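# An overview of the molecular structure
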Amino acid sequence: MTSGLLAVVQELPPESTQQAVGYPSLFLLVALGALVPVVPTGAIVSSASVVAFHQSSPFPLLVVFLLASAAAFVGDLALYWLGQRGVRSRNGSRWLAALRGRVTPERLAHAQERLDSHQVPVLVLSRLVPAGRIPVMLACLLARMPLRRFARGDAAACLAWAATYQLIGVLGGSLFPEPWQGVVAAVGLTLLIGAVPAVWRRLRGGGDREALRHEDA
């Protein structure tokens, strides 16, 4: 993925062509990434921000921010609406089952506990913390939070998320003279940020199992 993205950035077309092709692609990829977790939306926003940073005016950066936050919001609402249909249905749905399959009981219980006390802050943080969005969304679904209330909290979450990953892209673009160099730096940083929680959970899980073995002994 990174090598293909690098090849594209190294042969960038004129600004008008980039905008005509890149803006719709950015919106579609981010919206799709909110529905399907295989799309690295953070890396996409950071990469687009690097390219926008190297444009002749600051306007592309604003467009990237607005498109990324709007696409994330649309994708989240679509996924939540599909999940609601499963909650209301006696037989559930494949979307709700998919959400359940991506969340461990421990993480769901933790999300439900936090949601009970701080709804909007938890929604905002859920999008900023890697792998935190789905547990909180599932907790909202199981609590039967209305779509309108979820949308209010998710709007702030999507704005904060887009701003965070755009800042990563701007940082990468400002450190290197060539756009492709900034893209590599931004993608590497976003992938590293995404990997930290998984590594932490693995290390913590290993430590918990070791403590249990000592207790049993």
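Computed from a predicted model, the values in this text were never measured in an experiment.

The geometry of an aromatic ring pair is captured by two quantities: the separation of the ring centres and the angle between the planes. Here the structure, examined in full by the defined rule, presents two aromatic pairs. For the pair Tyr80 and Phe150, a centre-to-centre distance of 4.0 Å together with 5° between the ring planes defines the contact as stacked. One end of the pair, Tyr80, is in helix 4 (residues 59-88); the other, Phe150, is in helix 9 (residues 147-175), and 70 residues separate them in sequence. As far as burial versus exposure is concerned, Tyr80 and Phe150 are alike and both buried. Geometrically, the ring pair formed by Trp161 and Tyr165 is tilted, given 5.6 Å between the ring centres and 55° between the ring planes. With Trp161 and Tyr165 both in helix 9 and four residues apart, this pair spans about one turn of that helix. Looking at Trp161, the relative accessible area reads 3%, which means it is buried. Classification of Tyr165 by relative accessible area gives buried; the value is 10%. For the cation-ring pair, Arg127 lies above Trp161, with the distance from its terminal atom to the ring centre recorded as 4.8 Å.

Along its 13 residues, helix 6 (residues 105-117) runs 19 Å from first to last C-alpha, staying within 8% of the 18 Å computed at 1.5 Å per residue. Where helix 6 is concerned, the buried positions are Leu108, Ala111 and Leu115. End-on, the buried residues of helix 6 take up no more than an arc of 65°, which puts them together on one face. Turned more than 90 degrees away from the buried face of helix 6 sit Pro105, Glu106, Glu113 and Asp116, all of them exposed. Those residues of helix 6 hidden inside the fold are in contact with helix 7 (119-128) and helix 8 (133-142).

Here we take up the pattern of salt bridges. Summed over the entire model, instances satisfying the criterion amount to two salt bridges. Between Arg127 and Asp76 there is a salt bridge whose closest N-O contact spans 2.8 Å. In this pair, Arg127 sits in helix 7 while Asp76 sits in helix 4, placing the two residues 51 residues apart along the sequence. As far as burial versus exposure is concerned, Arg127 and Asp76 are alike and both buried. Across the salt bridge formed by Arg133 and Asp76, the nearest N and O atoms sit 2.7 Å from each other. Within this pair, whereas Arg133 is found in helix 8, its partner Asp76 is found in helix 4, the two being separated by 57 residues in sequence. Judged by its relative accessible area of 14%, Arg133 falls in the buried class. Through salt bridges that share partners, Asp76, Arg127 and Arg133 make up one connected network.

Here we take up the nonpolar core. Counting residues in each nonpolar core, the largest one holds 25 residues, and the members touching the most others are Leu26, Val30, Val45 and Trp161. If you list the elements that add at least two residues to this core, you get helix 2 (15-35), helix 3 (41-53), helix 4, helix 9 and helix 10 (179-216). Top contributing element to this core by residue count: helix 4, with seven residues. Discounting residues that sit within four places of it in the chain, Val45 has contacts with Leu26, Val30, Val64, Ala68, Trp161, Ala162, Tyr165 and Gln166. Formed by 20 residues, the second largest nonpolar core is a distinct cluster that contains Ala111, Val122, Cys140 and Leu141.

Right, let's talk about the side chain of Asp154 for a bit. By the secondary structure assignment, Asp154 is in helix 9. Lacking a salt bridge, the buried Asp154 has Arg127 as its closest oppositely charged neighbour, with an N-O distance of 4.5 Å.

The next subject is unusual backbone geometry. The backbone phi angle of Arg144 is positive, close to 55°, even though this residue is not glycine. In this fold, Arg144 is placed in the loop between helix 8 and helix 9. Under the relative-accessibility criterion, Arg144 is labelled exposed at 55%.

Here we come to the packing of helix 6 against helix 8. Direction vectors running N to C along helix 6 and helix 8 enclose 65°, while the axes themselves pass 8 Å from each other. Relative to helix 8, the element helix 6 lies roughly perpendicular. With respect to the hand of their crossing, helix 6 and helix 8 are arranged in right-handed fashion. Every residue of helix 8 that contacts helix 6 at Arg107, Leu108, Ala111, Gln112, Arg114 and Leu115 is listed here: Pro135, Val136, Leu138, Ala139, Cys140 and Leu142. Its residues assigned to classes, the contact of helix 6 with helix 8 shows nine nonpolar, one polar and two charged.

Conventions and cut-offs
Residues numbered from 1 in each chain as written. Predicted model: local features only at pLDDT ≥ 70, side-chain atom pairs only at ≥ 80, totals over all residues. Heavy atoms only, no water. Phe/Tyr/Trp six-rings, centres within 6.5 Å; stacked < 30°, edge-to-face > 60°. Helix = DSSP H or I, 4+ residues; strand = E, 2+ residues; numbered from the N terminus. Buried < 20%, exposed > 50% of the residue type's maximum accessible area, 1.4 Å probe, protein only. Lys NZ or Arg CZ within 6 Å of the ring centre and 35° of its normal. Expected span 1.5 Å × (residues − 1). Arc of directions from axis to C-beta. Contact = heavy atoms within 4.5 Å. Salt bridge = Lys/Arg side-chain N within 4 Å of Asp/Glu carboxyl O. Core = buried A, V, L, I, M, F, W, Y, C linked by side-chain atoms within 4.5 Å. Lys, Arg positive; Asp, Glu negative; His and termini not counted. Axes fitted to C-alpha atoms, helices over the stretch in contact; angles between N-to-C directions. Parallel < 35°, antiparallel > 145°, perpendicular 65-115°, else oblique. Left-handed = near helix turned anticlockwise from the far one by under 90°. Nonpolar A, V, L, I, M, F, W, Y, C, P; charged D, E, K, R; others polar.

Scope: geometric values only; no functional claims are made or implied.
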